[in-house]
Amino acid sequence: MRKKVILITGACGEIGHALVDYLIENSDLPVVTLDLQDASPEIVDKVIHVKGSVTDKSLFDRLISEYEIDIIYHLAALLSTSAEFNPVAAHNVNVEGTLMLLEMAASQTEFRGKPVKFIFPSSIAAYGMPDLETKTQFPNVKEWEWNYPTTMYGANKLYCEMLGIYFSDHFKQLAEIRPVTLDFRAIRFPGLISAFTLPSGGTTDYGPEMLHAAAKGETYNCFVREDSAIPFMAMPDAVKSLTLLAEAPDEKIKKRVYNISAFSLLASEFREEVLKYFPEAKIGYQIHPQRQKIIDSWPIGCDDTAAQEDWGWSADYGLERCFEEYLVPNIKKRYE
Ligand code: AKB
């Protein structure tokens with residue numbers, strides 16, 4: 001008999017790091033982690049780690065011969081800034097990798113006669129505000145508004161949402177008897193901030209970079225203008241949202257893609273917040289015009305009414321609590 005497991009791809013990335021810690025403590029099922037990197041020493045004995053790429057089909061063939069995958073958290077992706085340096089590589093990882101995993105989940109669903117849950121982190125990058133005037137005029141976008149991404153990463157995320165909906169709701173639609181289909185659920189994340197890891201290759205990175213640099217006593221130049229506004233969220237809330245959505249009973253799920261939100265702020269307000277706790281910090285601005293354009297295309301905030309109403313979402317960390325109780329104490333301890 002195959003062992004029933006949870007699969008996490010991109011497990012050594014920022015969200016993966018926090019989600020794996022949570023699931024090791026809280027899940028009844030063993031956790032299989034997949035990443036290009038080795039598992040960190042802290043988790044290596046607590047998970048079944050597979051080193052490899054989400055684009056490697058033979059790896060998934062091997063995995064399903066050994067394990068019955070019950071839930072997939074598909075976190076592996078090239079983020080928005082990295083993706084612009086190599087859009088085709090981004091497409092391969094972000095789209096081809098996701099398509100292969102969806103196909104695998106669909107065939108496993110059919111095989112066992114029960115949906116595999118496919119939890120997918122999408123992003124505010126799926127939005128594309130045409131100009132700053134429109135961005136200001138529509139500060140709280142709903143899921144179906146302004147879906148005109150300007151980055152490869154955003155386009156990849158939006159298309160993968162569509163693929164997930166297709167595999168859940170329309171797969172084999174011409175068959176006389178449609179098989180059981182997989183259960184795709186996605187969250188559009190704002191910029192995430194962790195006290196324990198630094199992001200790499202994202203465009204929202206100026207927030208966490210500013211904070212970590214201040215804690216390390218390093219000078220930092222923020223690469224966007226001080227009036228740049230986007231939403232952010234503390235990493236524990238990101239993990240909470242993924243697991244809450246995965247656990248929500250079917251009848252509560254009214255759509256397959258949900259916004260979530262915690263707080264929005266200007267780059268200058270982020271700087272002020274950092275200076276409150278690290279008054280000696282040296283934070284300047286050195287604008288990177290292309291990255292600025294990306295941030296300008298993302299909304300100020302996301303309307304998460306549907307997530308609140310359908311599966312009881314609410315963020316635990318507003319701006320103040322995020323810095324005071326989660327970020328600052330943990331970061332100080334980390335760099336002491
Ligand atoms: C990025 O900056 O690419 C990510 C995202 C918004 O999904 N943090």
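Everything here concerns the structure above.
Residues numbered from 1 in each chain as written. Predicted model: local features only at pLDDT ≥ 70, side-chain atom pairs only at ≥ 80, totals over all residues. Heavy atoms only, no water.

Participant: Hey, could you run me through the overall build of the protein chain in this one?
Facilitator: Within the protein chain one finds twelve helices and 14 strands. Against the globule reference of 20 Å for 336 residues, the protein chain gives a C-alpha radius of gyration of 20 Å, in line with a compact fold. Overall, the protein chain is about 65 × 45 × 40 Å in size when its C-alpha atoms are taken along their principal axes. Within the protein chain, buried positions represent 54% of all 336 residues. Surface summary for the protein chain: the accessible area is close to 15000 Å², and the carbon and sulfur share equals 52%. Measuring between centres, the 33 positive side-chain charges of the protein chain sit 3 Å from its 48 negative side-chain charges. (Helix = DSSP H or I, 4+ residues; strand = E, 2+ residues; numbered from the N terminus. Rg over C-alpha atoms; globule rule 2.2 N^0.38 Å. Buried < 20%, exposed > 50% of the residue type's maximum accessible area, 1.4 Å probe, protein only. Areas by Shrake-Rupley, 256 points an atom, 1.4 Å probe, with all protein chains shown as cover. Lys, Arg positive; Asp, Glu negative; His and termini not counted. Charge placed at Lys NZ, Arg CZ, Asp CG, Glu CD.)

Participant: Help me understand the packing of aromatic side chains in this model?
Facilitator: Any aromatic ring pair is given by two values, namely how distant the centres are and how the planes are angled relative to each other. Scanning all chains against the criterion turns up 15 aromatic pairs. Here a set of aromatic residues connected by ring pairs shows up, and it is made of Y206, F223, F232, F270, Y277 and F323. A cation over a ring is seen here: R291 above F223, with NZ or CZ 3.8 Å from the ring centre. Above the plane of the ring of F278 lies K332, whose end atom (NZ or CZ) is 5.4 Å from the centre. (Phe/Tyr/Trp six-rings, centres within 6.5 Å; stacked < 30°, edge-to-face > 60°. Lys NZ or Arg CZ within 6 Å of the ring centre and 35° of its normal.)

Participant: Help me out: how do you make sense of the pairing of strand β1 (residues 3-9) in this one?
Facilitator: Remark: a regular strand shows side chains that alternate across the two faces of the sheet. By the criterion of burial, β1 is predominantly enclosed, with five of the seven residues buried. The pairing of β1 with strand β4 (residues 67-74) spans seven bridges and is classified as parallel. Across the sheet, V5 pairs through a bridge with I69, a residue of β4. Bridge count between β1 and strand β2 (residues 31-35): four bridges; the pairing is parallel. Counted as the bridge partner of L7 is V32 from β2. (Pairing = 2+ DSSP bridges.)

Participant: Would you take a moment to explain the sheet that holds strand β12 (residues 263-266) for this structure?
Facilitator: Hydrogen bonds along the backbone pair up the strands of a sheet, which may run parallel or antiparallel. The strand order across the open sheet built from three strands is β8-β10-β12, with neighbouring strands paired in mixed fashion. Only two strands of the sheet have a single neighbouring strand rather than two, namely β8 (191-193) and β12. Averaged over all pairs of adjacent strands, the angle between strand axes in this sheet comes to 45°, irrespective of strand direction. (Axes fitted to C-alpha atoms, helices over the stretch in contact; angles between N-to-C directions.)

Participant: Explain the packing of helix α2 (residues 57-66) against helix α4 (residues 87-112) to me, please; I cannot follow it from the model alone.
Facilitator: The geometry of a pair of packed helices is captured by two quantities: the angle between their axes and the separation between those axes. Contact geometry of α2 with α4 gives a least axis separation of 11 Å together with a crossing angle of 25°. Considering their axes alone, α2 and α4 lie roughly parallel with respect to each other. Taken as a pair, α2 and α4 cross one another with a handedness that is right-handed. Side by side, α2 and α4 meet where K57, F60 and I64 of the first sit next to M100, L101, M104 and Q108 of the second. Tallied by class, residues from the contact of α2 with α4 come to five nonpolar, one polar and one charged. (Parallel < 35°, antiparallel > 145°, perpendicular 65-115°, else oblique. Left-handed = near helix turned anticlockwise from the far one by under 90°. Contact = heavy atoms within 4.5 Å. Nonpolar A, V, L, I, M, F, W, Y, C, P; charged D, E, K, R; others polar.)

Participant: Please clarify how the packing of helix α1 (residues 14-26) against helix α8 (residues 235-247) should be interpreted in this entry.
Facilitator: α8 packs onto α1 with a crossing angle of 65° between their chain directions and a minimal axis gap of 10 Å. Remark: the crossing between α1 and α8 carries right-handed chirality. Side by side, α1 and α8 meet where E14, I15, A18, L19, Y22 and L23 of the first sit next to M235, V239, L242 and T243 of the second. Broken down by class, the residue content of the contact of α1 with α8 amounts to eight nonpolar, one polar and one charged.

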